[in-house]
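Structural description and commentary
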Amino acid sequence: MTEERYPESPSPPPSLLKGEGGTKGREDVALVRERVAAAKNVMVITGAGISAESGVPTFRDDNGLWKEFNPLDYATREAFRRDPVKVWKWYDERRVNMAQARPNPGHLALAAMARPGRRVFIVTQNVDDLHEQAGSKEVVHIHGSLWRTRCERDGTVLENRETPLTEVPPPCMCGEIMRPDIVWFGENLPWQPVEQIHHYFLEGRIDLCLVVGTEASFGYILQWALQAHEAGAMLVDVNPRDSGLGSIIDVHLRGKAGEVLPKLL
Ligand code: APR
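Residues numbered from 1 in each chain as written. Predicted model: local features only at pLDDT ≥ 70, side-chain atom pairs only at ≥ 80, totals over all residues. Heavy atoms only, no water.

Turning our attention to the sheet that holds strand S2 (residues 119-124). Spatial strand order, S3-S2-S1-S7-S8-S9: 6 strands in an open sheet with parallel pairing. The sheet is open, and its two borders are formed by strand S3 (139-141) and strand S9 (251-253), each paired with just one other strand. Each neighbouring strand pair of the sheet contributes to a mean axis angle of 20°, computed without reference to strand direction. Relative to strand S8 (residues 234-238), strand S7 (residues 208-212) is paired through 5 bridges, and the arrangement is parallel. Residue pairing across strands places Val 212 opposite Val 238, the latter belonging to S8. Each of S7, S8 and S9 is contacted by helix H2 (residues 25-38), which is oriented at about 110° to S9, the strand it contacts most. (Pairing = 2+ DSSP bridges. Helix = DSSP H or I, 4+ residues; strand = E, 2+ residues; numbered from the N terminus. Axes fitted to C-alpha atoms, helices over the stretch in contact; angles between N-to-C directions. Contact = heavy atoms within 4.5 Å.)

Written as structure tokens, this is what we have:
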């Protein structure tokens, strides 16, 4: 994809962007806020960190889920085959906690960022629906949903918001047990959301890509961030820590999503 830039929103000099001897803190926020103001098309890639301030645990932080639970015991097809009740009890507890969560100022700011003349396209790794609850309209879930169950025998997919579940594991009409409709380690991403993202990139110029609250552990997250950059986007990492995006970012807004994102409006 050829690199296109809006003439009216020239990129600041690389030295300023890369932060080498460039601006820090407040100036960076001002820089990104200007970019948002001029933007017609914003891509957002979110991870567990954006839901942290809603009380939803992340995975790889010090108090993250994978520090307490071995993903091989809960988030693989083999684990589910081995002990579906154990896996479903774990997800059931996450669902009960998730049902108490509400969108935080980070989710709300992204929803408010979308307006006539400014598209905000959100790709999320999260299996909660806090972006939708906050009012965001274009949300693509690449890792599935905690609120859906799926039958591997007949392909039935059901919305199920019981907390707690009345039957563990929840049964399918065909007699098979349902699984969480969530992408587990070792599984491919569902083709529909990937197709949606592919079509989004074909639609052309992107002014800004906000990567919020993710370690960027997976290659496809890095690939999509790079594709956004190649489509003209300023690449901004919103995270209290350094993430896997490393040096490909233009600006790192070091802070919590719920504190940083409202400052960009
Ligand atoms: N605001 C912004 N970022 C935050 C906040 C916050 N309040 N709190 C934590 N973070 C950052 C952490 O610094 C970390 O970089 O969020 C990131 C969370 O990283 P992970 O726990 O690895 O979550 P994520 O990147 O979404 O994991 C991706 O891995 O296990 C799979 O399916 C799971 O979807 C998940 C995927």
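Glancing now at the pattern of salt bridges. Counted according to the given criterion, the structure contains 15 salt bridges. Of the charged contacts in the structure, one is a salt bridge between Arg 241 and Asp 61, with a shortest N-O distance of 3.3 Å. You can see Arg 241 sitting in the loop between S8 and S9 and its partner Asp 61 sitting in the loop between helix H3 (49-52) and helix H4 (65-68), a full 180 residues away along the chain. The exposure class assigned to Arg 241 is partly exposed, which follows from its relative accessible area of 34%. Assessed through its relative accessible area of 27%, Asp 61 is described here as partly exposed. Overlapping salt bridges, with partners in common, bring together Arg 77, Arg 81, Glu 152, Arg 179 and Glu 187 in one network. (Salt bridge = Lys/Arg side-chain N within 4 Å of Asp/Glu carboxyl O. Buried < 20%, exposed > 50% of the residue type's maximum accessible area, 1.4 Å probe, protein only.)

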